[in-house]
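Breakdown of the fold
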Amino acid sequence: MAEAFPWQQALWQQYAGRSQHAHAYLFHGPAGIGKRAFAERLIALLLCQQPQGQACGQCKGCLLLAAGTHPDRFLLLPEEADKAIRVDQVRELVGFVAQTPQLGGRKVVLIEPVEAMNINASNALLKSLEEPSGNTVMILVSHQPSRLLATVRSRCVQQACPLPNAGQSQAWLAERLPEEPAEERELLLTLAAGSPLVALRMHGEKVREMRGLVVEGIKKLLKQQQGASQLAESWGNVPLLLLFDWFCDWAHRILCYQLTEDEQGLGLSDMRKVLQYLAQKSPQAGVLQMQDWLLQHRQKVMAKANLNRALLLEALLVQWAGLPRQG
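Please read all numbers here as calculations on a predicted model, not as lab measurements.

A few points about the packing of aromatic side chains
We describe a pair of aromatic rings using the distance from one ring centre to the other and the angle between the two ring planes. Overall, the coordinates contain 16 aromatic pairs when judged by the stated rule. Residues Trp7 and Trp172 carry aromatic rings whose centres are separated by 6.5 Å and whose planes lie at 75° to one another, so their mutual orientation is edge-to-face. Here Trp7, found in the segment before helix H1 (9-16), pairs with Trp172, found in helix H7 (residues 166-176); they are 165 residues apart in sequence, far enough to count as distant. Residue classification places Trp7 among the buried positions, given a relative accessible area of 6%. The class of Trp172 is buried, set by a relative accessible area of 7%. Both rings, one in Phe244 and one in Trp293, keep their centres 6.2 Å apart while their planes meet at 25°; by these two values the pair is stacked.

What about the nonpolar core?
Core analysis: the largest hydrophobic core is formed by 55 residues, its most contacted members being Ile218, Trp246, Trp250 and Trp320. The dominant element in this core, judged by the number of residues it contributes, is helix H12 (residues 240-260), at twelve residues. Beyond its immediate stretch of four places on either side in the chain, Ile218 contacts Leu231, Trp235, Phe247, Trp250, Met271, Val274 and Trp320. Core analysis: the second largest hydrophobic core is formed by 26 residues, Ala16, Ile33, Phe38 and Ile139 among them.

So, how was this worked out
- Residues numbered from 1 in each chain as written.
- Predicted model: local features only at pLDDT ≥ 70, side-chain atom pairs only at ≥ 80, totals over all residues.
- Heavy atoms only, no water.
- Phe/Tyr/Trp six-rings, centres within 6.5 Å; stacked < 30°, edge-to-face > 60°.
- Helix = DSSP H or I, 4+ residues; strand = E, 2+ residues; numbered from the N terminus.
- Buried < 20%, exposed > 50% of the residue type's maximum accessible area, 1.4 Å probe, protein only.
- Core = buried A, V, L, I, M, F, W, Y, C linked by side-chain atoms within 4.5 Å.
- Contact = heavy atoms within 4.5 Å.

Interpretation note: all reported values are geometric properties and have no functional meaning in isolation.
Laid out in structure tokens, this is it:
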């Protein structure tokens, strides 16, 4: 059974206590707060033949679900990481929804992440989403609900999932990474914007080491010890979206410092002096222009646009290195 997170307890009691369920739910919130796990727990409860506030784990439905062979559960996921959910996949789902439940209870559909559907796929889902046949419950999970068609959102009961507070995040991560010092866990949580599941994933993917490589490269770039093209090539293993997240954050912090001169707003210590230097040496108009460019291209990265990674990063670094020269 999926993990029960402490920050979801009140929401779980609300859903587990219902005798009737909506035909479609949209669970949304930032990545890394346990939305998928909550959805999996709810699916187990809905398919359990002897539920008692949660799935019993012993009935035929629970055993089939645990084995991954329950005939009345349908998972709609991207076929590959970071790829779109195709319209052909949705048509297969539509066929499943039209069937009679094989175990005589409910049919349950899980779509995650919903924003991975392209427009054609989203439109193909609408009829089933509005009037699913039989006793079907459709559960949609979204990290970015603003990217969904309004027609998709309006057909669901929308539920914002709770975020853990700082204490809950720290306690949960300490249980998973007891060998790491508290300072390292706190740094991971900061990089993960407070999401403990993202922090744990970042630890496994060695994001701290990636950031160290990027920060060192930026310092060499500004000192003219390394060129933009060479630096972009050396970052080949760093995810493009992660790079844009960091640069967007840094541009924002530069602007904030130019307006307030508050050093606490410069963020983590590894880039604090660099950002302060750029804030003092760069014209605000240039930083604003840089921020606009970053946000526009980050959106393209998120939309999985066909971008030339090397040229994109080189353009970013050329502009970044040029900021203090404008002053």
